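# Coordinate inspection notes
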Amino acid sequence: MNQTLLEKYAKVAVVIGANVQKNQRLIVNSSTETKELAREIAKQGYLAGAKSVDILWNDAYVSRYGYEYMSDEELTSIPEWIINRYQFYVNEGACLISIASPITGVNEGVNPQAIQKSSVAVSKAIAFFRNHTMANHTQWCVIAAPNPIWASKVFPHVPVDQAVELLWDAILKASRVTENNDPVAEWNQHNATLASHNKILNDYQFESLHFKNSVGTDVVVSLVKNHIWAGGCEHSSKGVLFNPNIPTEETFTMPHKFGVNGKVVATKPLEYQGNLIEDFYLIFKDGKVVEYGAKKNQDTLKNLLTADEGSSRLGEIALLSHDSPISNSGILFLNTLFDENASCHMALGRAYPINVQGGVNMSPEELEKVGYNQSMVHSDFMFGSACMQMVGYTFDGTEVVVFKDGNFVI
Ligand code: ZN
Ligand code: ZN
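Overview of the structure.

The rules behind each value
- Residues numbered from 1 in each chain as written.
- Chains lettered and ligands numbered in written order.
- Predicted model: local features only at pLDDT ≥ 70, side-chain atom pairs only at ≥ 80, totals over all residues.
- Heavy atoms only, no water.
- Donors = N, O, S within 2.8 Å, 3.2 Å for Na, K, Ca; no water.
- Tetrahedral: all angles 85-135°; square planar, octahedral: opposite > 155°, others 65-115°.
- Helix = DSSP H or I, 4+ residues; strand = E, 2+ residues; numbered from the N terminus.
- 1 Å grid on protein atoms, 1.4 Å probe; cavity = no way out; pocket = protein on both sides within 12 Å on 5 of 7 lines; lining within 4 Å.
- Points joined across faces, edges and corners; volume = space filled by probe spheres on them.
- Nonpolar A, V, L, I, M, F, W, Y, C, P; charged D, E, K, R; others polar.
- Phe/Tyr/Trp six-rings, centres within 6.5 Å; stacked < 30°, edge-to-face > 60°.
- Buried < 20%, exposed > 50% of the residue type's maximum accessible area, 1.4 Å probe, protein only.
- Lys NZ or Arg CZ within 6 Å of the ring centre and 35° of its normal.

### Focus on the coordination of the zinc ion (ligand 2)
With distances of 2.0 to 2.5 Å, the protein atoms coordinating the zinc ion (ligand 2) are Glu-316 (OE), His-378 (NE2), Asp-380 (OD) and Asp-380 (OD). Around the zinc ion (ligand 2) sit four donor atoms; with metal-centred angles ranging over 54 to 139°, the donor geometry is irregular. Motif for the zinc ion (ligand 2), donor spacing along one chain: E-x61-H-x1-D. Separating the zinc ion (ligand 2) from the zinc ion (ligand 1) is a gap of 3.4 Å, bridged by Glu-316, which donates to each. On the criterion of sequence distance, the pair formed by Glu-316 in strand E14 (residues 314-319) and Asp-380 in strand E16 (residues 378-382) is long-range, its members being 64 residues apart.

### Some words on the coordination of the zinc ion (ligand 1)
At this site the zinc ion (ligand 1) is bound by Glu-250 (OE), Glu-250 (OE), Glu-316 (OE) and His-345 (NE2), with donor distances of 1.9 to 2.7 Å. Classification of the site at the zinc ion (ligand 1) rests on its four donor atoms, whose angles at the metal span 51 to 128°, yielding the label irregular. Site description for the zinc ion (ligand 1): donor spacing in sequence, E-x65-E-x28-H.

### With respect to empty space enclosed by the protein
Evaluation of the coordinates by the stated rule reveals one cavity of 30 Å³ or more. Of the pockets and cavities examined, the largest cavity occupies roughly 40 Å³. As for the largest cavity, its lining consists of Pro-269, Leu-270, Glu-271, Leu-334, Asn-335, Thr-336, Asp-339 and Met-382. Of all the secondary structure elements, the ones that give two or more residues to the lining of the largest cavity are strand E11 (270-272) and helix H13 (336-339). Of the residues contributing to the lining of the largest cavity, the split by class is four nonpolar, two polar and two charged.

### Some points on the packing of aromatic side chains
Within this structure, the stated rule accounts for twelve aromatic pairs. Between Tyr-9 and Trp-168, the aromatic rings sit 5.8 Å apart at their centres with planes inclined by 90°, giving edge-to-face as the arrangement. Of this pair, Tyr-9 sits in helix H1 (residues 3-17) while Trp-168 sits in helix H9 (residues 160-174), placing them 159 residues apart in sequence. Across the pair, exposure class does not vary: Tyr-9 and Trp-168 are buried alike. Centroid distance Phe-403 to Phe-408: 4.7 Å. Interplanar angle 50°. Geometry classified as tilted. According to the relative accessible area criterion, Phe-408 is buried, its value standing at 14%. These aromatic residues form a ring-pair network of at least three members: Tyr-86, Phe-88, Tyr-89 and Phe-129. Note that Arg-176 overlies the ring of Trp-187, its terminal NZ or CZ placed 5.8 Å from the centroid. One cation-aromatic arrangement involves Lys-263 over Tyr-281; the distance from NZ or CZ to the ring centre is 4.7 Å.

Honestly, that's just the spatial picture; any functional story needs more than this.
Right, here's the structure in full:
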């Protein structure tokens, strides 16, 4: 990984991703495995005019030791000073960049109950911070960087150093960063393309979407009234443009929490709580998962579906052509940030208020009324395939073929 590319990538995160403003505070969530990128982001953040850059370091191994050795009481009590720190960031209008770098399997063999208790406690304690960012009250962005374990899982047949290089290469390509391009200009162009896709779908205002393929998916997903298809860049409530995900290829909106019926068969594994759920299906009735199964890590799937009332309902439906850059790379990244951009997907758990007109200014009760799903979790899983057919139904009963053989045809 050369310094020029690292700089360019960090600049994309700072300028296109979080779009750090002059005198704004920047928070960076980083694993100890990704310190080089975190450092470069800090530098680019200051160059963009950030008032301060705080790196919130995490280490998956240390977290594992906590699950193993801490008492239940300690695992579930979140100290006041941690909550206060997040409150400070909200008050100060800080923006956020998170570097994803999954250490797959790090929690293998750990009691899933301990992980569940701890993550529920943390989620509850800083729910106000999550709601703040999810409603786009500030700019936030998720990008990724390799670590040796992740790289070796993606490229198991080469020495680890080479695997890390290959994964860097794939991440940078997917993020539109190359030796001799202007990534910022390319991102502006890409954002314009995604915006035109959103517009076509917004103009149709479908009542429901019917997905069917030969893998076994046959499901009707109703959309909330006055839904908004989004994707690419978004506006914060203060009017600052930013890109929540790098890379991104999807256009997504809000399903109705009571309006999903049928069977969905996942086409890629789902990582949750450090475990890979493989070969799974979900059967929905009136929006809720009523039956499910997985060939591997069914317990983890159960943890996800029972995390709270909303985690067995959908919060997102996302469309993208099977013929997409990440899908065409043929690489299974084993990480949602990338794999979700290779395939149509859904998310179990909370919805995004931005996906309905006026949503960001609605109270939780008002959101509930339009069919918004509330949950502590938001977990994307892939169900798209090259054989996916999808028909949209408008409120006046018109049928429109939206997907044929895995690709957009509108
Ligand atoms: Zn998505
Ligand atoms: Zn999602």
